Amino acid sequence: PPRALPRRGSGLSYRRQAPPFPWQWFLVLILVVAAAVLYGVNLSREIAQRRADDTLGRAATAVAALRGADEQSAQRLLDAASVALADVRSSGAITATLDSRQRYDELEREYERTQAAIQKLTYFDDLTLIAQHPLQAGLFSSVVVPPPPQGITNTAAFASIYLLDSNAGVLYRMPRGGGPLDPMLRPQDAVGPTVVGKVKAQAWREDNIVAVAQSGEAGPFTFYFRNGDGWGYNTLAGSETWGRVSERFRAVNYGGNLYIWGAGEASDQLQKYISGNYGQFPDPWIKDFGGQRTESGLDLAIDGDVYLLKPDGHILVFSAGAFAREITPQGITPPLTTPAGMFVTGDPEGGSIFLIDFDQRIVEIDKKTGALLQQIRARPDSPYQLEQLTSMFVDTSGTRPILYLVNGGQLLRGSLPDRPRPLAAPTSAPITTTPAPATNAPAPTSAP
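Residues numbered from 1 in each chain as written. Predicted model: local features only at pLDDT ≥ 70, side-chain atom pairs only at ≥ 80, totals over all residues. Heavy atoms only, no water.

## What to know about the pairing of strand β14 (residues 257-261)
Inference 1: With five of its five residues buried, β14 lies for the most part within the structure.
Inference 2: Residues Asn257, Tyr259 and Trp261 of β14 are buried on one face, and the alternating residues Leu258 and Ile260, pointing to the opposite face, are buried as well.
Inference 3: By the bridge criterion, five bridges tie strand β13 (residues 250-254) to β14 in an arrangement that is antiparallel. In the strand pairing of β14, Tyr254 is matched with Asn257. (Buried < 20%, exposed > 50% of the residue type's maximum accessible area, 1.4 Å probe, protein only. Helix = DSSP H or I, 4+ residues; strand = E, 2+ residues; numbered from the N terminus. Pairing = 2+ DSSP bridges.)

## Some details on a nonpolar patch on the surface
Inference 1: On the surface, Phe21, Trp23, Phe26, Leu27 and Ile30 cluster together into a nonpolar patch covering about 550 Å² of accessible area.
Inference 2: By the secondary structure assignment, Leu27 is in helix α1 (residues 23-64). (Patch = residues over 30% accessible without salt bridge, like charges linked within 9 Å, V, L, I, M, F, W, Y side chains within 5 Å. Areas by Shrake-Rupley, 256 points an atom, 1.4 Å probe, with all protein chains shown as cover. Salt bridge = Lys/Arg side-chain N within 4 Å of Asp/Glu carboxyl O.)

## Description of helix α3 (residues 98-119)
Inference 1: With 22 residues, α3 should reach 32 Å at 1.5 Å per residue; the first-to-last C-alpha distance of 31 Å fits that figure.
Inference 2: The set of residues buried in α3 consists of Ser100, Tyr104, Leu107, Glu110, Tyr111, Thr114, Gln115, Ala116, Ala117, Ile118 and Gln119.
Inference 3: Downstream of α3 by one or two residues, Lys120 has phi in the positive range, about 55 degrees. (Expected span 1.5 Å × (residues − 1).)

## Brief notes about the pattern of salt bridges
Inference 1: Taken as a whole and assessed by the stated rule, the structure comprises 15 salt bridges.
Inference 2: The shortest N-O distance in the salt bridge between Arg419 and Glu364 comes to 3.1 Å. Of the two residues, Arg419 sits in the segment after β27 (410-415) while Glu364 sits in strand β23 (residues 361-366), which places them 55 residues apart along the sequence.
Inference 3: Among the residues examined, Arg419 registers a relative accessible area of 18% and is labelled buried.
Inference 4: Note on Glu364: relative accessible area 2%, which makes it buried.

## Overview of the nonpolar core
Inference 1: Grouped together as the largest cluster of nonpolar side chains are 31 residues, with contacts concentrated most on Val143, Ile362, Met392, Leu403, Leu405 and Leu411.
Inference 2: Every element with two or more residues in this core is listed here: β2 (128-132), β4 (160-165), β5 (170-175), β21 (339-344), β22 (352-357), β25 (389-395), β26 (402-407) and β27.
Inference 3: Not counting residues within four places of it along the chain, the set of residues in contact with Val143 comprises Ile161, Tyr162, Leu163, Gln202, Ser391, Met392, Phe393, Tyr404, Val406 and Leu411.
Inference 4: The next biggest cluster of nonpolar side chains, apart from the first, holds 17 residues, and it includes Leu171, Trp204, Ile209 and Ala211. (Core = buried A, V, L, I, M, F, W, Y, C linked by side-chain atoms within 4.5 Å. Contact = heavy atoms within 4.5 Å.)

## Concerning the pairing of strand β19 (residues 315-319)
Within a regular beta strand, the side chains point alternately toward one face of the sheet and then the other, so they alternate between its two faces.
Inference 1: Across the five residues of β19, four count as buried, placing the element largely inside the fold.
Inference 2: Between the end of strand β18 (residues 306-309) and the start of β19, which pair antiparallel, lie five residues, with Gly313 showing a positive phi angle near 90 degrees.
Inference 3: Bridge count for β19 against strand β20 (residues 322-327) is five bridges, and the pairing is antiparallel. Each residue of the ladder has a partner; that of Leu316, found in β20, is Glu326.
Inference 4: Between β19 and β20, which pair antiparallel one after the other, the connecting turn spans two residues, and Ala320 there sits at a positive phi close to 55 degrees.

## Quick look at unusual backbone geometry
Inference 1: That bond from Thr333 to Pro334 is cis: its omega, -5 degrees, falls within 30 degrees of zero.
Inference 2: Positive phi, normally seen in glycine, also occurs at Gln188, with a value near 80 degrees.
Inference 3: Counting through the fold element by element, Gln188 comes out in the loop between β6 (182-185) and β7 (190-191).
Inference 4: Despite not being glycine, Glu206 shows a phi value in the positive range, around 60 degrees.
Inference 5: Counting through the fold element by element, Glu206 comes out in the loop between β9 (198-205) and β10 (208-214).
Inference 6: On the basis of relative accessible area, Glu206 is assigned to the partly exposed category, the value being 42%.

Structural data, given as structure tokens:
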């Protein structure tokens, strides 16, 4: 009977029963692999930290060598420290640990302090944009900031800053504290019976702005001056022979007289128009060239003496119509090779000369010796880089000089930094080397 047959186990007869899964050994394997990975990560981290420490150590050694450097070896050691710090940045050692970042930051600060002392390098700390050209591709060519009024009752013109776009021939003004640009003299404007041409130059004349414009491409030049709320004008005698002028055309007002540079066939001569006698032919001001060639002069400045900037960065100085001396900039690293313009402060016995370099810097030199006082740059992380510097104005009327920089279509403003400490100066004693601004003397009554 069925009950007499042998009993089978539960489940299907054709399936084999698998052995139980070795969970304990699997967990052991996971722990072993995790331990190996953790050991590898820690080992890699220790190797990276040792490499970071080695890289930082080499940089620290290179920076430490700068502390006792003399003038002869300082530049070579500075280059070595720069390479060592670059290795730190490229190796990723900066982000290894918080301590590594702090060590690197301190090394970089010490390097910058030493570099500033050796190369007399400083940075703008408050560089700001105060005006932008109203046209997207528009470029400014010069800026004029009026001095404090002295003995003048109508001071309305002193509340503005004046900007010139010589390519378009438009003279703008804006509020001194910043604000919209207002075109105040432009081509096709009517001044009396005349039609304004392109404005080629601007200058400050004792109590108001003046401008020089050319009629047509090669026509005569007209001198425009403020007459109440409008303009008055005089045609400059002899200007019909000047023809088309170059970018180095300059007009400077000193002592009420107008000085023209870079115009006509006699472009190597400074032409002087006596105040109020613009209808009379100008006087050739330079009487004795002293064997100097002046036709390549890039820029003109007058403080009682006359300064002409040459393409090599040297400056010719003329006094009372005769060549007096040549200023050779000294100690500039890297050398000045592409000057674009200059600005002169003070009187013939004091002050500085500020040179505009296409290498994105302003170079301040001593007016007497040409010795480098400082070279000023925008900080690398600044939103404004000095890539199109063409002109500048230095306002010395405040407690600290203020620099107004024409940078393409921008007008930037920044305080003049303190001059860097000497290389061997003790770090504990504060040194303030920016001189007090010269007091503003009354406008001279006689021209140079």
